[in-house]
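# Notes for the structure review
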Amino acid sequence: MTDHWLAPLRLLLEPDQFRLLPRNPAFRYEQGQDGVWICPRPRYYHALLDLSDAEYHGAANVPLRRLAVEDWAVLPGLFVRAFTDHQPFVGVAPEQRDAAASEALMLTRTGGDGPLIERACFVSQGEDRLIGAVLVTLLPPGDPEEFDTYAWGGQPPPDAVERCEGWPHLTWILVDALEARSGLGTALLAAACGELRAMGFNDLLSTFLYGNDVSAMWHWRRGFKLLSYPGTRR
Ligand SMILES: CC(C)(COP(=O)(O)OP(=O)(O)OC[C@H]1O[C@@H](n2cnc3c(N)ncnc32)[C@H](O)[C@@H]1OP(=O)(O)O)[C@@H](O)C(=O)NCCC(=O)NCCS
């Protein structure tokens, strides 16, 4: 999905320094003849929220509105601001961040992450910029602990969303770093889930990168249940 934006890094370190180097699980650390290599090892975990059980304690009381066509032009800026300190985009060179964000969002907009569930996509408008957004897409029906369930193998039925044929997936939830931890992410989630329930969906799937600790904590706090890593022997 975004893996090609995770670049390998070579550092010249003494063995003692290598030992002390802080580790992030999204990367593999190897000492070679030519230095220390820090190579991407992205692993995406999935989690499931039972919509009938969800509660949104601490949600900010802020106005939200449905995603509008003109928001796509400014969403990359919000994306960059949201991922200022978080994997997988914190490691992208500043001059490439807009391109990375635009590419990820274009994929979502054009159906590459499954059909967009437009009714469940919301934004929060600040004084002079977007400060939050939630984008929900539809993944195919199937076992959410299997890799195959995370992409449609072909064209989804045109009425898949209306017929609730598949899993709604929290593809992006973005909060401007300056507004973080004040309940905005929770408010966006509550709005999306309210619509999904009204449409007849029962659950919401989500994905986070191993190593994006804030995202993992947020999902846990919001009641998502961690699923087995796809492909794990169980
Ligand atoms: C994940 C994200 C959407 C959370 O939004 P938010 O508005 O900051 O979150 P809320 O205020 O609604 O929820 C706060 C909870 O999230 C978790 N959390 C948020 N920021 C945290 C941080 N810096 N450290 C630890 N936990 C954090 C905590 O569980 C916190 O609960 P607490 O305050 O009771 O401890 C936001 O951090 C973000 O946009 N991150 C970058 C994009 C991203 O990784 N999105 C998820 C994958 S698409």
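Residues numbered from 1 in each chain as written. Predicted model: local features only at pLDDT ≥ 70, side-chain atom pairs only at ≥ 80, totals over all residues. Heavy atoms only, no water.

The next point concerns helix H5 (residues 213-221). Looking only at H5, the buried set comprises Ser-215, Trp-218 and His-219. For H5, the arc enclosing every buried residue in end-on projection is 100 degrees, short of the 170-degree limit, so these residues lie on one face. Away from the buried face of H5 by more than 90 degrees, exposed residues Asp-213, Met-217, Trp-220 and Arg-221 are located. Where H5 is buried, its residues touch strand E8 (167-175), helix H4 (184-199) and strand E9 (203-209). Following H5 by one or two positions, Gly-223 adopts a phi angle in the positive range, close to 95 degrees. (Buried < 20%, exposed > 50% of the residue type's maximum accessible area, 1.4 Å probe, protein only. Helix = DSSP H or I, 4+ residues; strand = E, 2+ residues; numbered from the N terminus. Arc of directions from axis to C-beta. Contact = heavy atoms within 4.5 Å.)

Let's shift gears to the domain arrangement of the protein. Domain parsing of the protein yields domain 1 (1-42) and domain 2 (43-226). The partner domain 2 presents 14 residues to the twelve residues of domain 1 that form the contact. For the domain 1 and domain 2 pair, buried surface summed over both sides reaches about 1200 Å², with 66% attributable to carbon and sulfur atoms. Where domain 1 meets domain 2, there are zero salt bridges. Residue composition of the side of domain 1 that touches domain 2, grouped by class: seven nonpolar, three polar and two charged. (Domains from an automatic or database assignment. Buried area = accessible area lost by both parts, 1.4 Å probe. Salt bridge = Lys/Arg side-chain N within 4 Å of Asp/Glu carboxyl O. Nonpolar A, V, L, I, M, F, W, Y, C, P; charged D, E, K, R; others polar.)

Surrounding the ligand, one finds 21 residues, the nearest of these being Val-175, Arg-181, Gly-183, Gly-185 and Thr-186. The separation between a nitrogen atom of the ligand and a polar main-chain atom of Ile-173 is 2.9 Å. Where the shell around the ligand is concerned, the elements lending two or more residues are E8, H4 and H5. Along the lines of polarity and charge, the residues of the shell around the ligand split into eleven nonpolar, eight polar and two charged. (Near = heavy atom within 4 Å. Polar contact = N/O pair within 3.5 Å; in protein donor to acceptor, adjacent residues only side chain to side chain.)

Moving on to the pattern of salt bridges. Oppositely charged side chains can pair when the atoms bearing their charge come close. Evaluation of the coordinates by the stated rule reveals eleven salt bridges. Across the pair Arg-28 and Glu-30 runs a salt bridge whose closest N-O atoms are separated by 2.8 Å. Arg-28 sits in the partly exposed class, given a relative accessible area of 35%. Of the charged contacts, one joins Arg-66 and Glu-195 as a salt bridge, the two residues approaching to 3.0 Å between their closest N and O atoms. Note that Arg-66 is positioned in strand E5 (residues 65-66) and Glu-195 in helix H4, a separation of 129 residues in sequence. On the accessibility criterion, Glu-195 (16% relative accessible area) is buried. A network of salt bridges, in which partner residues are shared, links Arg-81, Asp-128, Arg-129, Asp-176 and Glu-179.

Burial analysis of strand E7 (residues 130-139) places ten of its ten residues in the buried class, which makes it a mostly covered element. The sheet contact formed by strand E6 (residues 122-125) and E7 spans four bridges and is antiparallel. Note on E7: the bridge partner recorded for Val-123 is Ala-133. Where E6 folds back on E7, the antiparallel hairpin that results is connected by four residues. Both E7 and E8 contribute to a ladder of eight bridges, which runs antiparallel. The residue bridging Gly-132 from the neighbouring strand is Val-175, located in E8. (Pairing = 2+ DSSP bridges.)

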